[in-house]
Amino acid sequence: MRIILSFFIGFFSFFFLSEVFKRVFGRYIPSFVGISIIIFGFIIGFFGKKFIYPPLDLLSALFVIGAGVGLTLHHLLSRRYIISEQMELKFYRKHETLIERMLEILPGALTWIALTSPFWLSLTLPFAVAYFIIAADVYWLFSALRVAILIFVGYRKLAWARKQPWLTNIKKDFPEQWENYYHLLVLPTYKESVEILAPAFDAIANSNYPKDKIFMAIGFEAWDDPEKIKKTKEYLEKFEKNIGGVFITTHELQPGEVKGPGTNRNWMIKNAVTQFEKKGIKADQVFVTTLDADFVIHEEFLSGALHKYLSTPEDKRDKRTYTGSFLYYNNFWQAPAPMRLIASGTAFWQLAEMAGSDKYQNFSSLSINLKPLLEIGGWMPDKVNDDSGFYWKAYFHFNGDYKVLPHYLPISADANLDVSLFKTFQNQYQQLKRWAYGVEHIPFVFKQYFKRTDIDFWDKTDKLLFVLWANLKWGSLALLVTFAGLIIPYINPSYSESVVAINLPIISSYILTAAFLGLFVTVYVQEKTAPPRPKNWSMPKKLWTYLHYLLVPIVLVTITTIPAIDAQTSLMFGRKLEFRVTNKARGK
């Protein structure tokens, strides 16, 4: 453990010192300095015993090697080369496809290294594994407490936002501006029946906002069921005279596109631009909100979102997207218990990230002015995970000056529910796998990271490390804190006789029990926000809706974690994921 710590202390210390040196003196430390320090570290390792007592010789050597690696890596990340920029750029261009393939392998490889580390590390470093498990437990505890606090903070903001008369507020706060804007609600659909779509359409039309300033864009896919398209169009006819307009399109797959809502949205936006031009409405007068087919917006959503946009400084507002709070309550009590837990976990984790992170990424719905949306170029046409792809595309388009700002007004969505329990579990698994497939953007992020020297080094490095760590912990952390400690004695029997082996399960259980207490905040917020339980339910059935939280550990290490491993492994082996729409059903 001391060996590993020595290396990483040297690495992180000199990595950060390199950036401090650059910011203070305006110069980079040459890479040959880092390489020289690495060589000096190896010299200490081989010959250090002659003048340094063991084990200080080995610890000193690894500290120095770590320092040299930190300096060299900083030079690579900030200057884009180590020794020769021209030679290394030539090498990259020659092997660009191979390097991109390696970057696709990276997230899965990191996850599998982490997952298998208790097996191969326990052979020689069982105590290092034990200390690592304790560190992971402590991280889990602090993460759980942080998320619990932020869930409560987010809930208070949500509760405040939904009580505000946003139309009145926007008229009062921006009397000369708000009337210049029109709302365009973009809703792509594939396979969803009219029964699923109707509440979303109705909520838009019934919004507390001038009806002549509301436009709906409904996008069908050419390969969808013609009968479903016909029924949906018939239902939409009643809105044509009640709101500003309804733009209906049927998306034909274009060369270079993959099937999915992102490419459909691009098609819909292209048509909407033409329609607005005919009406004499400029792009910068249109405030676009994207919705999934089952999303039911709050009646003040349009006013509140535009108020947040106009409240943002004028030089920043068009470099931001805006989002509401996601609550999966359309069919909450009809969904099976594990699906309710995942729905609540997803909703409240999103709420916590909105309240406490400046790295929150786009998820399912966003609002943005049409003009910057066109400048960004819409959604990536060749990627399955369109939400995170849009985030990275916008981030690099705006030179790193891009954020997602929450206004907290609720969007009610469907929890996972299909016609049978098996299909429901299958749908949930596939949906989580698709969300986790955001790792497909990592090659793009890496390439832009090195290409875009105009973006602040700390900011882009922070974003890159964050996305790598987020995917790594999604696929490994729950399994490691649950099972890693049980593996060590079987791999290395001599470890089981140590004091550490006896105390590790006790310490871990105390830490994880304390972390589990953060779940009470989730229960509280759910009880405050969820619709009432059906009145015709029996007392045992109602009681089960409180006891089902005991399933959280099982859900975390199975339904939540395994799809992420599957997604990363699929990308690692070159199995590209195709978009699979999540089937939706409403219980009686």
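This text goes with the structure placed above it.
If you're wondering where the values come from, they're calculated on a predicted model, not measured in any experiment.

### Remarks on the overall build of the protein
What the protein contains, in helices and strands, is 21 helices and eight strands. Taken against the 2.2 N^0.38 rule, which gives 25 Å for 588 residues, the C-alpha radius of gyration of the protein at 27 Å falls within 12% of a compact globule. Taken over the C-alpha atoms alone, the protein extends approximately 90 × 65 × 45 Å along its principal axes. Looking at the protein as a whole, 52% of its 588 residues are labelled buried. The long-range fraction of contacts in the protein, counting pairs at least 24 apart against all pairs at least 6 apart in sequence, stands at 83%. For the protein, the computed accessible surface area is about 28,000 Å², with 64% contributed by carbon and sulfur atoms. Separation between the mean location of the 65 positive side-chain charges and that of the 51 negative ones in the protein comes to 3 Å.

### With respect to the environment of Asp456
Tracing the backbone through its elements, the reader meets Asp456 in the loop between helix H16 (442-451) and helix H17 (457-491). Look at Asp456 and you get partly exposed, because its relative accessible area is 38%. It is 9.7 Å that separates the C-alpha atoms of Asp456 and Ser78, two residues lying 378 residues apart in sequence. A polar side-chain atom of Asp456 sits 3.0 Å from a polar atom in the side chain of Arg23. Among the polar contacts made by the side chain of Asp456, one reaches the main-chain amide nitrogen of Trp458 at a distance of 3.2 Å.

### Looking at the packing of aromatic side chains
Aromatic rings in a pair are described by how distant their centres are and how their planes are angled relative to each other. Tallying each qualifying case throughout the model produces 46 aromatic pairs. Judged by centre distance (5.2 Å) and plane angle (80°), the rings of Tyr329 and Phe332 are edge-to-face. Take Tyr329 and Phe332: they sit in the same class, and that class is buried. Between Phe332 and Trp333, the aromatic rings sit 4.9 Å apart at their centres with planes inclined by 75°, giving edge-to-face as the arrangement. Across the pair, exposure class does not vary: Phe332 and Trp333 are buried alike.

### Examining the packing of H17 against helix H21 (residues 552-572)
Relative to each other, H17 and H21 sit at 135°, their axes nearing to 9 Å. Comparing the axis directions of H17 and H21 gives the class oblique. Considering only the axes of H17 and H21, their crossing is left-handed. Where H17 approaches H21, its residues Asn471, Trp474, Gly475, Ala478, Leu479 and Thr482 are matched on the opposing element by Leu556, Val557, Thr560, Thr561, Ala564, Ile565 and Gln568. Class assignment for the residues of the contact of H17 with H21 results in seven nonpolar, six polar and no charged.

### Remarks on unusual backbone geometry
A positive phi angle, near 75°, is found at Arg80, a position not held by glycine. Residue placement: Arg80 occurs in the loop between helix H3 (56-79) and helix H4 (85-94). Using a relative accessible area of 36% as the deciding quantity, one classes Arg80 as partly exposed. Although it is not a glycine, Lys191 adopts a positive phi angle of roughly 80°. When you line up the elements, Lys191 lands in the loop between strand E1 (182-188) and helix H8 (194-205).

### What to know about the environment of Ser36
Relative to the assigned elements, Ser36 resides in helix H2 (residues 31-47). You can call Ser36 partly exposed: its relative accessible area is 40%. Distance in space between the C-alpha atoms of Ser36 and Leu125 is 30 Å, their sequence separation being 89 residues.

### A look at the side chain of Asp137
Its place among the elements puts Asp137 in helix H6 (residues 126-163). Within the buried core, Asp137 has no salt-bridge partner, and the shortest N-O distance to an opposite charge, that of Lys473, equals 14 Å.

### Concerning the pairing of strand E2 (residues 214-221)
The buried fraction of E2 is high, at eight of eight residues. Of the two faces of E2, the one carrying Ile214, Met216, Ile218 and Phe220 and the one carrying Phe215, Ala217, Gly219 and Glu221 are both buried. The parallel pair E1 and E2 is bridged by H8, and the resulting crossover is right-handed. Pairing between E2 and strand E3 (residues 245-251): seven bridges, direction parallel. Each residue of the ladder has a partner; that of Ala217, found in E3, is Phe247.

### Overview of a nonpolar patch on the surface
A surface patch of nonpolar side chains, amounting to about 580 Å² of accessible area, comprises Ile3, Ile4, Phe8, Phe12, Phe16, Leu58 and Leu125. Sort the elements by how many residues they give to the nonpolar patch and helix H1 (residues 2-25) lands first, with five residues. Its relative accessible area of 39% is what places Ile3 among the partly exposed residues.

### Quick look at the environment of Ala436
Within the secondary structure, Ala436 is located in helix H15 (residues 421-436). Overall, Ala436 belongs to the buried group, its relative accessible area being 1%. Each C-alpha atom of the pair Ala436 and Asn385 lies 8.5 Å from the other, and the pair is 51 residues apart in sequence. For Ala436, the residues in contact, after removing those within four places along its chain, are Asn471, Trp474, Pro563, Ala564 and Ala567.

### Concerning a negative patch on the surface
Taken together, the side chains of Asp225, Glu227, Glu234, Glu237 and Glu240 make up a negatively charged region of the molecular surface. With a relative accessible area of 43%, Glu240 lands in the partly exposed category.

### Overview of the pattern of salt bridges
Scanning all chains against the criterion turns up 20 salt bridges. For Arg23, the salt bridge is made with Asp456, and the minimal N-O distance between the two is 3.0 Å. Taken together, the residues span a long stretch of sequence, with Arg23 in helix H1 and Asp456 in the loop between H16 and H17 at a distance of 433 residues. Residue Arg23 is classed as partly exposed on the basis of its relative accessible area of 43%.

### Quick word on H21
With 21 residues, H21 ought to run about 30 Å at 1.5 Å a step, and its terminal C-alpha atoms sit 29 Å apart, in line with that. For H21, the principal kink sits at Thr561 and spans about 40°; a proline, Pro563, occurs within the next four residues. Following H21 by one or two positions, Gly574 adopts a phi angle in the positive range, close to 80°.

Procedures and definitions
Note that residues are indexed from 1 along each chain, following the sequence as it is written. Owing to the predicted nature of the model, reporting of local features is limited to residues with pLDDT of at least 70; listing and counting of side-chain atom pairs is limited to 80 or more, with chain, interface and lining totals taken over all residues. Based on all heavy atoms of the structure, the side-chain values leave hydrogens and waters out of the count. Each helix is a run of H or I in the DSSP string that is no shorter than four residues. Each strand is a run of E no shorter than two, and both are numbered from the N terminus. Using C-alpha atoms as the atom set, the radius of gyration is obtained and then compared with a globule rule of 2.2 Å times the number of residues to the power 0.38. The classification of residues rests on relative accessible area computed with a 1.4 Å probe and restricted to protein chains. Under 20% of the type maximum is buried, over 50% is exposed, and intermediate values are partly exposed. By the convention used here, residues are in contact when the closest approach between their heavy atoms is within 4.5 Å. Computed with a 1.4 Å probe, the accessible areas rest on the Shrake-Rupley method; for each residue, only the protein chains presented here act as cover. Counting rule for charge: Lys and Arg are taken as positive, Asp and Glu as negative, and neither His nor the chain ends is counted. For this purpose, a charge sits on NZ of Lys, CZ of Arg, CG of Asp or CD of Glu. Polar contact is the term for a pair of N or O atoms within 3.5 Å; when the atoms are in protein, one must be able to donate a hydrogen and the other to accept it, and sequence-neighboring residues count only if both atoms are side-chain atoms. Here the aromatic set is Phe, Tyr and Trp, taking the six-membered ring for Trp, and pairing holds for ring centres within 6.5 Å; pairs whose planes are under 30 degrees apart are stacked, those over 60 apart are edge-to-face, and all others are tilted. Where helices are involved, their axes are fitted lines through C-alpha atoms of the stretch in contact, as for all axes, and angles between N-to-C directions lie from 0 to 180°. These descriptions rest on fixed angle ranges, namely under 35 degrees for roughly parallel, over 145 for roughly antiparallel, 65 to 115 for roughly perpendicular, and the rest for oblique. In this scheme the handedness of a crossing depends on how the near helix is turned from the far one: anticlockwise by less than a right angle means left-handed, clockwise means right-handed. By the convention adopted, Pro, Cys, Tyr, Trp, Phe, Met, Ile, Leu, Val and Ala count as nonpolar, Lys, Arg, Asp and Glu as charged, and the other residues, Gly among them, as polar. The salt bridge definition used is simple: a Lys or Arg side-chain nitrogen within 4 Å of an Asp or Glu carboxyl oxygen. Orient the strands so they point away from the viewer; a crossover is then right-handed if the path from the first strand over the helix to the second runs clockwise. Here the rule is simple: two strands pair whenever DSSP picks up at least two bridges between them. Candidate patch residues must exceed 30% relative accessible area and have no salt bridge, after which like charges are joined if within 9 Å and Val, Leu, Ile, Met, Phe, Trp or Tyr side chains if within 5 Å. In this analysis, the expected span of each helix is defined as 1.5 Å times one less than the number of residues it contains. The angle separating two fitted axes, one through the seven residues that finish at a residue and one through the seven that start at it, defines the bend at that residue.

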